[in-house]
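Results of the structural survey
Single-letter residue listing:
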Amino acid sequence: MPPRPGLAAIFSCVIFFCATLCATSAVAQPPAANEMPSVIQVPPEAQPSPHFDAIAATNAYMAQIPADKTARSDAYFEGGYWLILWDFLYAVAVCLLLLNLRWSARMRDLSERVTRFKPVHTFVYFLQYLILTTILVFPLTAYEDYFREHQYGLATQTFGPWLLDQIKEFAVTLVLGGLLAVLLFGVVRRLPRTWWVWGAVVTICFLIFGILITPVYIVPIFNKVTILNNPKVVDPILSMARANGIPAKNVYEIDASKQTTRMSANVSGFANTMRITLNDNLLRRGSPEEIQAVMGHEMGHYVMNHIYKGILFFSVVIVLAFVYLRWGLDWAIQRWGEKWQIHGVGDTAVLPLVILLVSIFGFVFTPINSTYTRVQEYEADMYGLNTSRQPDGFAQGAIHLGEYRKMNPGPVEEWIFFDHPSGRNRIYSAMRWKAENLKLFTPQPPQ
Ligand SMILES: [Zn+2]
């Protein structure tokens, strides 16, 4: 994700959360720059036998990946570590620029001239802020989201359609981010002593609202979502759903190949908007076993209430963030408020300072967030194995995902940067499961 100083970071957290509560992604068609092999044939070491060994089976799967593919996917993923740092530093630089050159104060003055009606004033400030920061961050956005993705064969859009998606994203951010800004500044002005408590409450409600509307109103702005009706794919999935007490009547398909070659699936939504969606890359390239393994994983998220638990977790994080903001804003405004011409926490010109402080919080929080998500993903993997009983489909999926995710990181690297278990660990989990369930794969002698 490129830095978005324009998005109140909490809002980007909404998007981030929806985007990551998911399984799978990998690469397919056009500039098939780093396409991983589809390991349809189970390697001999992973075939059921009295000598089956989970580590040997894992190694045999890993050996299916050509060295040049591994090198390329490692380079892509490791480059992402640096991008976390550059995104952070770039966002900090943009915020400091807006504060020190008093551009933020000027935008506030301008919006005051437009209107004295506070909510409109806040929205007009936010509009200017978003335009300015979008322009300033654009070179990094274009590099990260467009040129780099093409360089690694992960993107399918030409520049025009990509830019159109960026414009749509700008509009969504303007509406939702603007709404959140109006609400939060309203809270700060009305409740100058307890704003941080009520600000956290408003933000948590907004997070839930964001998750609720995302699959139904946000996703269709960018992609076409349809009900999947190929019985060959849907029947085993719905059978699995029934066996697990999931009241699903439909599985959804999204035309993600419009933007990317990655294979993926996810659970999104809240209450009655909650749904499981597969993307068309997965449908096209995944074997039936692999699709079932992925769907078992997604059902794990559903049955184990990962979205609700995620809301609870992020609610705690949001409260902590507001405690820190209350302290940090007071401290910074006391020191530099005069220089930056910021009159207090309720002054809209404070926004770049808020984003600056939230960026620092988010940066420090990266490994905790990765680990929280990765633990849920591991749980969903275990659930998926138990319910789909497709360890080889699972291993195949892990290899497909290796197209954009390092397969074999060190333990510390995995702890800090991986929001899903690494490919090698996922294959090992699958082979460990297979070792304990060999009878499912061995023809039984007639009784
Ligand atoms: Zn997942």
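Calculation notes
- Residues numbered from 1 in each chain as written.
- Predicted model: local features only at pLDDT ≥ 70, side-chain atom pairs only at ≥ 80, totals over all residues.
- Heavy atoms only, no water.
- Phe/Tyr/Trp six-rings, centres within 6.5 Å; stacked < 30°, edge-to-face > 60°.
- Helix = DSSP H or I, 4+ residues; strand = E, 2+ residues; numbered from the N terminus.
- Buried < 20%, exposed > 50% of the residue type's maximum accessible area, 1.4 Å probe, protein only.
- Lys NZ or Arg CZ within 6 Å of the ring centre and 35° of its normal.
- Core = buried A, V, L, I, M, F, W, Y, C linked by side-chain atoms within 4.5 Å.
- Contact = heavy atoms within 4.5 Å.
- Salt bridge = Lys/Arg side-chain N within 4 Å of Asp/Glu carboxyl O.
- Pairing = 2+ DSSP bridges.
- Axes fitted to C-alpha atoms, helices over the stretch in contact; angles between N-to-C directions.
- Patch = residues over 30% accessible without salt bridge, like charges linked within 9 Å, V, L, I, M, F, W, Y side chains within 5 Å.
- Areas by Shrake-Rupley, 256 points an atom, 1.4 Å probe, with all protein chains shown as cover.
- pLDDT = per-residue confidence, 0-100.
- Parallel < 35°, antiparallel > 145°, perpendicular 65-115°, else oblique.
- Nonpolar A, V, L, I, M, F, W, Y, C, P; charged D, E, K, R; others polar.
- Left-handed = near helix turned anticlockwise from the far one by under 90°.

Before going further, it helps to examine the packing of aromatic side chains. Evaluation of the coordinates by the stated rule reveals 25 aromatic pairs. Relative to Phe 417, the ring of Tyr 81 lies with its centre 3.8 Å away and its plane at 10 degrees, an arrangement referred to as stacked. Of this pair, Tyr 81 sits in helix 3 (residues 67–100) while Phe 417 sits in helix 14 (residues 411–417), and the two are 336 residues apart along the sequence. Judged by its relative accessible area of 15%, Tyr 81 is buried. Put simply, the rings of Phe 313, Phe 314, Tyr 324, Phe 361, Phe 365 and Tyr 372 touch in pairs and so form one group of aromatic residues. Positioned above the aromatic ring of Tyr 404, the side-chain terminus of Arg 262 is 4.5 Å from the ring centre. Just above the ring of Trp 336 sits the side chain of Arg 335; from NZ or CZ to the centre is 5.7 Å.

For the rest of this paragraph, the subject is the nonpolar core. With 79 residues, the main nonpolar core has Leu 278, Met 295, Leu 329 and Leu 353 as its most contacted residues. In terms of residues, this core owes the most to one element, helix 11 (residues 306–340), which gives 13 residues. Other than its neighbours up to four places away in sequence, Leu 329 contacts Trp 195, Val 345, Val 350, Leu 353, Val 354 and Leu 357. One finds Tyr 61, Met 62, Ala 293 and Ile 427 within the second-largest nonpolar core, a separate group that totals 20 residues.

Looking at where Lys 434 falls in the secondary structure, it is placed in helix 15 (residues 423–436). On the basis of relative accessible area, Lys 434 is assigned to the buried category, the value being 1%. Sequence-distant contacts of Lys 434, defined by excluding residues within four places in its chain, comprise Val 42, Ala 46, Gln 47, Pro 48, Phe 52, Pro 391, Asp 392 and Phe 441.

The next thing to look at is the environment of Met 304. Among the structural elements, Met 304 can be located in the loop between helix 10 (288–303) and helix 11. Along the backbone, Met 304 and Leu 180 are 124 residues apart, and their C-alpha atoms lie at a distance of 30 Å.

Turning to the pattern of salt bridges, a few remarks are in order. Throughout the structure, instances matching the rule amount to nine salt bridges. Residue Glu 149 is joined to Arg 262 by a salt bridge in which the shortest nitrogen-to-oxygen separation is 3.0 Å. Of this pair, Glu 149 sits in helix 5 (residues 118–151) while Arg 262 sits in the loop between strand 2 (252–254) and strand 3 (265–268); the two residues are 113 residues apart in sequence, bridging distant segments of the chain. Like Glu 149, the residue Arg 262 is buried in the burial classification.

Here the focus is unusual backbone geometry. Trans peptide bonds make up the majority, and among non-glycine residues the majority have a negative phi. At Arg 102, a residue that is not glycine, the phi angle is positive and equals roughly 60 degrees. With respect to the helices and strands, Arg 102 occurs in the loop between helix 3 and helix 4 (103–114). According to the relative accessible area criterion, Arg 102 is partly exposed, its value standing at 34%. If you check the backbone angles, Arg 389 has positive phi at about 55 degrees while not being a glycine. Turning to its location among the elements, Arg 389 is positioned in the loop between helix 12 (351–388) and helix 13 (391–401).

Turning our eyes to something else, we now look at the sheet that holds strand 2. On the basis of which strands lie adjacent, the open sheet formed by four strands has the order 1-2-4-3 and mixed pairing. Whereas interior strands pair on both sides, the edge strands pair on one side only; in this sheet they are strand 1 (225–227) and strand 3. Strand-to-strand twist of the sheet, defined as the mean angle between neighbouring strand axes without regard to direction, takes the value 30 degrees. Examined bridge by bridge, strand 1 and strand 2 share three bridges and lie antiparallel to one another. Among the inter-strand pairings, Thr 226 is bridged to a residue of strand 2, identified as Glu 253.

There is a patch of nonpolar side chains on the surface, built from Tyr 143, Phe 147, Phe 159, Leu 163, Leu 164 and Ile 167 and spanning about 550 Å² of accessible area. Top element by residues in the nonpolar patch is helix 6 (residues 159–190). It accounts for four residues. On the secondary structure map, Phe 159 appears in helix 6. We classify Phe 159 as partly exposed; its relative accessible area is 32%.

Counting all residues, the mean pLDDT for the protein chain is 90, and 91% of those residues have values of 70 or more. Contacts of residues 1–31 to residues separated by more than four positions or lying in other chains number 118 contacts, the stretch itself having pLDDT below 50.

Our next topic: the environment of Gly 344. Here Gly 344 lies in the loop between helix 11 and helix 12. For Gly 344, a relative accessible area of 16% puts it in the buried group. Residues Gly 344 and Gln 334 lie ten residues apart in sequence; the distance between their C-alpha atoms is 9.0 Å. Setting aside residues no more than four positions away along its own chain, Gly 344 makes contact with Ile 333 and Val 350.

Their axes nearest at 12 Å, the elements helix 3 and helix 5 cross at an angle of 170 degrees. On the basis of the axis angle, helix 3 is roughly antiparallel to helix 5. Contact residues: Arg 72, Ala 75, Tyr 76, Gly 79, Gly 80, Leu 83, Trp 86, Asp 87, Tyr 90, Val 94, Leu 97 and Leu 98 in helix 3; Tyr 129, Leu 132, Thr 133, Leu 136, Val 137, Pro 139, Leu 140, Tyr 143, Glu 144, Arg 148, Glu 149 and Gln 151 in helix 5. Considered class by class, the residues forming the contact of helix 3 with helix 5 number 15 nonpolar, four polar and five charged.

Turning our eyes to something else, we now look at the pairing of strand 3. By the bridge criterion, four bridges tie strand 3 to strand 4 (residues 275–279) in an arrangement that is antiparallel. Within the sheet, the bridge partner assigned to Ala 265 lies in strand 4 and is Leu 278. Once strand 3 ends, the chain turns through six residues before running back antiparallel as strand 4, passing Gly 269 with a positive phi of about 95 degrees.

Glancing now at the packing of helix 8 (residues 231–243) against helix 10. Two numbers describe how helix 8 lies on helix 10: the axes approach to 10 Å, and their chain directions differ by 35 degrees. Two packed elements cross with a definite hand, and for helix 8 against helix 10 that hand is right-handed. Residues Val 233, Pro 236, Ile 237, Met 240 and Ala 241 of helix 8 form the contact with helix 10, whose participating residues are Ile 291, Gln 292, Met 295, Gly 296 and Met 299. Among the residues forming the contact of helix 8 with helix 10, the class breakdown is eight nonpolar, two polar and no charged.

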